[in-house]
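# Chains, contacts and geometry: an overview
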Amino acid sequence: MTSIGEREPEVSDRETMARRLLDSSEQLSYDPVTEVDWETPLDKGFHGASPEWSTLYGTSYWDEMTPEQQRELTRHEAASVASTGIWFEMILQQMILRDFYAKDPTDPAFQWALTEIADECRHSIMFARGAAKLGAPAYRPTRFVVEMGRTFKATATGEAAYAAILVAEEVLDVMQRDWMRDERVVPFVRTINNIHVVEESRHMKFAREETRQRLEGAGWVRRQINALVVSIASYFIVTSMVNAKVYENAGLDGERARREAKANQHHKSMLRSSCSGLMEFLHSAGLLTKPALWFYKRANLI
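Here the structure is a predicted model, which is why all the values come from computation and not from measurement.

## Focus: the overall build of the protein
Check the secondary structure of the protein and you find 14 helices and 0 strands. Helices (α) and strands (β) of the protein occur, in sequence order from the N terminus, as α-α-α-α-α-α-α-α-α-α-α-α-α-α. Radius of gyration (C-alpha) of the protein: 20 Å, near the 19 Å computed for a compact globule of 302 residues. Across its three principal directions, the C-alpha atoms of the protein cover 75 × 45 × 30 Å. Long-range contacts, defined as pairs at least 24 residues apart, comprise 83% of the intrachain contacts of the protein with a sequence gap of at least 6. For the protein, the computed accessible surface area is about 14600 Å², with 54% contributed by carbon and sulfur atoms. Within the protein, one finds 37 positive and 43 negative side-chain charges whose respective centroids are separated by 6 Å.

## Here we look at the layout of surface pockets
The calculated volume of the largest pocket comes to roughly 960 Å³. Lining the largest pocket are 35 residues, and of these Val238, Thr239, Ser240, Val242 and Lys262 lie nearest its centre. Looking at the lining of the largest pocket, the elements that each hand over two or more residues are helix H4 (67–100), helix H7 (158–181), helix H9 (220–239), helix H11 (254–262) and helix H12 (265–274). Looking at the lining of the largest pocket residue by residue, the classes come out as 18 nonpolar, 10 polar and 7 charged. In this model, the second largest pocket occupies a volume close to 360 Å³. Together, 20 residues line the second largest pocket, and Ser83, Ile86, Trp87, Met90 and Arg140 are the ones closest to its centre. Only H4, helix H5 (108–133) and helix H6 (143–155) provide two or more residues apiece to the lining of the second largest pocket.

## Looking at the packing of H7 against helix H8 (residues 187–215)
It is the contact of H7 with H8, at a shortest axis distance of 8 Å, that shows an interaxial angle of 155°. On the basis of their axis angle, the class for H7 and H8 is roughly antiparallel. Judged by the sense of rotation from one axis to the other, the crossing of H7 with H8 is left-handed. Looking at side-chain class alone, the contact of H7 with H8 contains 12 nonpolar, 7 polar and 11 charged residues.

## Describing a nonpolar patch on the surface
Taken together, the side chains of Trp220, Val221 and Ile225 present a nonpolar region at the surface, about 370 Å² in accessible area. Its place among the elements puts Trp220 in helix H9.

## Some points on helix H13 (residues 276–284)
Those residues of H13 that sit buried are Leu278, Met279, Phe281 and Leu282. Down the axis, H13 shows its buried residues gathered within 160° of arc, on one side only. Facing away from the buried surface of H13 by more than 90 degrees, the exposed residues are Glu280, His283 and Ser284.

## Comments concerning the nonpolar core
Counting residues in hydrophobic clusters, the biggest one holds 92 residues, and the most contacted among them are Leu56, Leu73, Val171 and Leu282. Not counting the four nearest positions on each side in its chain, Leu56 is found in contact with Tyr61, Trp62, Met65, Leu73, Glu77, Tyr247, Leu252, Ala257, Glu260, Ala261 and Asn264.

## Things to note about the packing of H6 against H9
Close contact between H6 and H9 brings their axes to 11 Å; oriented N to C, the two are set at 145°. When the axes of H6 and H9 are compared, the crossing they make is left-handed. Along its contact with H6, which presents Phe144, Val145, Met148 and Phe152, the element H9 presents Val229, Ile232, Ala233 and Phe236. Grouping the constituent residues of the contact of H6 with H9 by class yields 8 nonpolar, no polar and no charged.

## Comments concerning the environment of Tyr57
Tracing the backbone through its elements, the reader meets Tyr57 in the loop between helix H2 (32–35) and helix H3 (60–64). Owing to a relative accessible area of 26%, Tyr57 belongs among the partly exposed residues under this scheme.

## Re the side chain of Thr84
In this fold, Thr84 is placed in helix H4. Owing to a relative accessible area of 5%, Thr84 belongs among the buried residues under this scheme. Among all residues touching Thr84, those that are not within four sequence positions of it are Ile237, Ser240 and Met241.

About the thresholds
Residues numbered from 1 in each chain as written. Predicted model: local features only at pLDDT ≥ 70, side-chain atom pairs only at ≥ 80, totals over all residues. Heavy atoms only, no water. Helix = DSSP H or I, 4+ residues; strand = E, 2+ residues; numbered from the N terminus. Rg over C-alpha atoms; globule rule 2.2 N^0.38 Å. Contact = heavy atoms within 4.5 Å. Areas by Shrake-Rupley, 256 points an atom, 1.4 Å probe, with all protein chains shown as cover. Lys, Arg positive; Asp, Glu negative; His and termini not counted. Charge placed at Lys NZ, Arg CZ, Asp CG, Glu CD. 1 Å grid on protein atoms, 1.4 Å probe; cavity = no way out; pocket = protein on both sides within 12 Å on 5 of 7 lines; lining within 4 Å. Points joined across faces, edges and corners; volume = space filled by probe spheres on them. Nonpolar A, V, L, I, M, F, W, Y, C, P; charged D, E, K, R; others polar. Axes fitted to C-alpha atoms, helices over the stretch in contact; angles between N-to-C directions. Parallel < 35°, antiparallel > 145°, perpendicular 65-115°, else oblique. Left-handed = near helix turned anticlockwise from the far one by under 90°. Patch = residues over 30% accessible without salt bridge, like charges linked within 9 Å, V, L, I, M, F, W, Y side chains within 5 Å. Salt bridge = Lys/Arg side-chain N within 4 Å of Asp/Glu carboxyl O. Buried < 20%, exposed > 50% of the residue type's maximum accessible area, 1.4 Å probe, protein only. Arc of directions from axis to C-beta. Core = buried A, V, L, I, M, F, W, Y, C linked by side-chain atoms within 4.5 Å.

And the structure:
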């Protein structure tokens, strides 16, 4: 309590937002260990993801596949997306830890950052158990992308780190919102998606606000450099979501499947529509430069 005549300390918008996120986390968070049905055996009569999100949906190869093959493919694709999610969540955690290293622990933003890291640890374990239950092998990005990620997590700061975090979270969020509502998707995957969507909504809000704040007063050169860095990171994140090995592992002709997936206009359209809001945000933040656009177009995000 302040004394008479003493001014109340000012509370920043950032602090207010962080407190709200902490309150929301206390009221609405899940424990995957108890929330997800890990005990019931995998029912192969279900898809692993909404068929419309399959990289082959809409191709002639998809039409030739039996329903069993289609379901098997979506299970491998869902496991691959989960594994890529784990890879990036590990990058995210390290970037946030570096950002808040030795900062004021009484700051609500500091406490929220640790809360987000705790969420991501639970999500990674949840994704790992989910991928295993889907009967898929360990899918990882290529060695080149893994090493690029190693460099990025060790060097990215400010808006470059938080905008890249936002891209990964937003792309995954849109597809998972479809999966969690789709009764064709195996129930435990729907539960996983629901947990991730609810808790990631807070992470995305924080990433947007951090990106805006870090860009305040940023000059033209800095914006140009970081816009390019974010777009390159986004390209590798999105193009690593579905591992090239999922097709053989699902019993398909890998060469043909990769060829048709690469040319699949339906899947490209799904990605573009999922990123419309994200691209509007990046544009408003001054991070949608001409060089950056080239990478977003290559990744079919715009």
